[in-house]
Amino acid sequence: MLSAVPVTALDPTDPDAGAVAHYGDPAREQRNLATAAGLVDRSHRGVLAIPGADRLGWLHSLTTQHLTGLAPMTGSELLVLSPHGHVEHHAVLTDDGTATWFDTGDAPGLLGFLERMRFLMRVEPAEVTADWALLSIVGPQTAEALVGLGVGPLLPPDLLPVPEAKFATGSVPSRPTVVYSAAALAGGGWVRRMAYGADLLVPRQTVPEVTDALGLPPAGIWAFEALRVAARRPRAGFETDHRTLPAEVGWTGPAVHLEKGCYRGQETIARVHHLGRPPRKLVLLHLDGITTDELPARHTPVTLDGSDRPVGFVGTAARHYELGTIALAVVKQNLTPDSVLHVGPSTAAIDPDA
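The paragraphs below set out a description of the structure included in this document. Fair warning: this is a prediction, and the values are worked out from it, not measured in the lab.

Bringing the pattern of salt bridges into the picture now. The full count for this structure, using the stated rule, is 17 salt bridges. One salt bridge in this structure joins aspartate 103 and arginine 45, with 3.0 Å as the shortest N-O distance. On the criterion of sequence distance, the pair formed by aspartate 103 in strand 7 (residues 99-104) and arginine 45 in the loop between strand 3 (38-41) and strand 4 (46-51) is long-range, its members being 58 residues apart. We note a salt bridge from arginine 175 to aspartate 158, for which the minimum N-O separation is 2.8 Å. Taken together, the positions of arginine 175 in the loop between strand 10 (158-159) and strand 11 (178-184) and aspartate 158 in strand 10 put the pair 17 residues apart, joining distant regions of the chain. Judged by relative accessible area, arginine 175 falls into the buried class, the value being 19%.

With respect to the secondary-structure elements, alanine 145 resides in helix 4 (residues 142-146). Not counting the four nearest positions on each side in its chain, alanine 145 is found in contact with Ile137, Leu214 and Leu216.

Time to look at the sheet that holds strand 20 (residues 346-350). Read once around its circumference, the closed barrel built from 6 strands follows the order 15-18-17-16-19-20, with strand pairing classed as antiparallel. Each neighbouring strand pair of the sheet contributes to a mean axis angle of 40°, computed without reference to strand direction. In this structure, strand 17 (residues 310-320) lies alongside strand 18 (residues 324-332), joined through 8 bridges in antiparallel fashion. Looking across to strand 18, one finds that alanine 317 is bridged to alanine 327. Each of strand 15 (280-287), strand 17 and strand 18 touches helix 6 (residues 221-230); the most contacted strand, strand 17, lies at about 130° to it.

What counts and how
- Residues numbered from 1 in each chain as written.
- Predicted model: local features only at pLDDT ≥ 70, side-chain atom pairs only at ≥ 80, totals over all residues.
- Heavy atoms only, no water.
- Salt bridge = Lys/Arg side-chain N within 4 Å of Asp/Glu carboxyl O.
- Helix = DSSP H or I, 4+ residues; strand = E, 2+ residues; numbered from the N terminus.
- Buried < 20%, exposed > 50% of the residue type's maximum accessible area, 1.4 Å probe, protein only.
- Contact = heavy atoms within 4.5 Å.
- Pairing = 2+ DSSP bridges.
- Axes fitted to C-alpha atoms, helices over the stretch in contact; angles between N-to-C directions.

Fair warning: the whole summary comes from geometry, so function is off the table for now.
Okay, here's the thing in structure tokens:
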């Protein structure tokens, strides 16, 4: 059996500190996730549980998503914004009929915000990361893998198209902009269908049992992140900074309902959507002359050829099994695939399909 190699991080607050980096062959693990199916232990990700009769209406009023009519055993995505419309928190959620569950990269910070907003609402938000573990099945054979848990086929994600600017009132349905189907698991917890496969939230003590029942080859966080970068999926804290707008990183579609009533930061969201493009955009970069051990750190500046002035920053860099060294970056809107960029001592180019 291949041995797990823990991620080491100079900064103990690194979001992936303590996760399994790989099981001996990161490239093979990536290929398996891309062409078949594998299991990624993401149990280092924070989990919040929010029971209470007022939970959906309360969350609807605080976040960017339309949640008042969320059906049991479905999920979605949401953002918490600053008063100026900048991203403060991102979470993927599932409601099981009695509680809403968040998995998020900053559970303490998001919990602190929710606690401050409770007032007299019948809600009891709590962090439950110590008791619940998030596992991800990744790959095109996810449906076949779920049979081992006694779960039938789950509907694929239902994503609404982003309406055109200056859309007519009433053109956006009164439902979440993305709906993920979910099902209860016999041993506790649930499974939620995602675009990349499925997420399972299970009691920590049942992780070995669930892993055995699935019988999938394991893959480390390096493989998961490399495929996320190639798919251009942003991650809070990586492809975001203190002034990130949802439209800059592609979160308007899955996480923002454009006609749901007042919430913090809504004016900025509406202004950007109706009046023009955001100042920055998320792009896939191809990096030249960088080895796996030299991958640029989070938020390394991106500069334009001939200038030391930053035109953006790198979020996540990875070694992809087919594409080579790639990175997600947030850069100025006017940059094109013809722009010659630098990330540290290396040159970089924007993917032409961006």
